[in-house]
Amino acid sequence: MLDSEASDAIMMRRCVTLAQSARRSGEYPFAAVIARRGELVCESLNMVKAERDVTRHAEMVAIALAQKKLRATSLDDCTLYSTIEPCAMCSYAIRETRIGRVVFSLRSPVMGGNSRWNVLTDTHLSSVLPEVFAPPPVVLSGYLQEHVQKVFQDRNPLAWRFMKARKIFVHGSDAEHAASSNTGLRLGPWSSLANWARAVAIDRLWRS
């Protein structure tokens, strides 16, 4: 099995390649990939234009596909990869499906669920409703920034100049981790018990 760093590099390159294909469908190059223990689960482009539905962000589509493929509403052992920082809507879906890691390229200070809105790393959700929400995921930003920027620039140079001027999408910082106390909860014995309790109490009784 590949280590997380090698897996992250492979999956993010896959995400960029997927984004490059968006031109054929007329969508903007928002792309998402979900992997489980280093193995690809599913991938998706933005489907807003194709389906005329503003909720069909790449991350939302990928999450829906992953739940169906894995036959589970909890994706706690999965990593979500995205060309752009997930927005607040997508970030909430990430938290409710308990995705364990989020890796993205460019930050979104205007719409981002981490940079702008404190959704991805909010500990209040899991402290008040631990039966539903796992501790915040590990968040890594800034992967393949130049590659993703070039994809957007090639897709529509004028639109990219507009986005860049208004700082809608910007270069991410170095790898940005969630607090070590949160990852400790995820890795310790309490984490296994909490995951089991969430699966029994919520997934089977309320979500099935």
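In the block above lies the structure referred to throughout.
Residues numbered from 1 in each chain as written. Predicted model: local features only at pLDDT ≥ 70, side-chain atom pairs only at ≥ 80, totals over all residues. Heavy atoms only, no water.

S.K.: Kindly report on helix H7 (residues 157–165), identifying the contributing residues and their values.
M.R.: Those residues of H7 that sit buried are Ala-159, Trp-160 and Met-163. For H7, the arc enclosing every buried residue in end-on projection is 100°, short of the 170-degree limit, so these residues lie on one face. Exposed and facing more than 90 degrees away from the buried side of H7 are Leu-158, Arg-161 and Ala-165. Check the buried side of H7 and you find it contacts strand S4 (101–106) and helix H6 (145–155). Two residues or fewer past H7, Lys-167 is found with a positive phi of approximately 55°. (Buried < 20%, exposed > 50% of the residue type's maximum accessible area, 1.4 Å probe, protein only. Helix = DSSP H or I, 4+ residues; strand = E, 2+ residues; numbered from the N terminus. Arc of directions from axis to C-beta. Contact = heavy atoms within 4.5 Å.)

S.K.: A description of the pattern of salt bridges should follow, citing residues and the corresponding values.
M.R.: Tallying each qualifying case throughout the model produces six salt bridges. The partner of Glu-43 in a salt bridge is Arg-14, with the nearest N and O atoms 2.7 Å apart. A residue pair is termed long-range when its members are at least 10 positions apart, and Glu-43 in strand S2 (residues 39–45) and Arg-14 in helix H1 (residues 4–20) qualify at 29 residues. Between Lys-150 and Asp-154 there is a salt bridge whose closest N-O contact spans 2.7 Å. (Salt bridge = Lys/Arg side-chain N within 4 Å of Asp/Glu carboxyl O.)

S.K.: Any details on the nonpolar core? Residues and values, ideally.
M.R.: Membership of the largest hydrophobic core comes to 24 residues, with the highest contact counts inside it found for Tyr-81, Phe-152 and Phe-169. Those elements giving two or more residues to this core turn out to be H1, strand S1 (31–36), strand S3 (78–84), S4, strand S5 (138–140), H6 and H7. Considering each element in turn, this core owes the most residues, six residues, to H1. Not counting chain neighbours up to four residues away, the residues in contact with Phe-169 comprise Phe-30, Ile-84, Leu-106, Arg-107, Ser-108, Met-111, Phe-152, Trp-160 and Met-163. (Core = buried A, V, L, I, M, F, W, Y, C linked by side-chain atoms within 4.5 Å.)

S.K.: Could you give me a rundown of the packing of aromatic side chains, with the residues and numbers involved?
M.R.: Scanning the entire structure with this criterion turns up five aromatic pairs. Summarising the aromatic geometry, the rings of Tyr-92 and Phe-133 are spaced 5.9 Å apart at their centres and angled 70° between planes, so their arrangement reads as edge-to-face. Pair noted here: Tyr-92 is in helix H4 (residues 88–96) and Phe-133 is in the loop between helix H5 (124–128) and S5, with a separation of 41 residues, a long-range link. Note on Tyr-92: relative accessible area 38%, which makes it partly exposed. For the ring pair Phe-152 and Phe-169, a centre distance of 5.7 Å and an interplane angle of 55° mean the geometry is tilted. Here Phe-169 lies in the loop between H7 and helix H8 (180–187) and Phe-152 lies in helix H6, a separation of 17 residues in the sequence. On the accessibility criterion, Phe-152 (2% relative accessible area) is buried. An aromatic cluster of at least three residues, connected via ring pairs, comprises Phe-30, Phe-152, Trp-160 and Phe-169. It is Arg-116 that lies over the ring of Trp-117; its NZ or CZ is 3.9 Å from the centre. (Phe/Tyr/Trp six-rings, centres within 6.5 Å; stacked < 30°, edge-to-face > 60°. Lys NZ or Arg CZ within 6 Å of the ring centre and 35° of its normal.)

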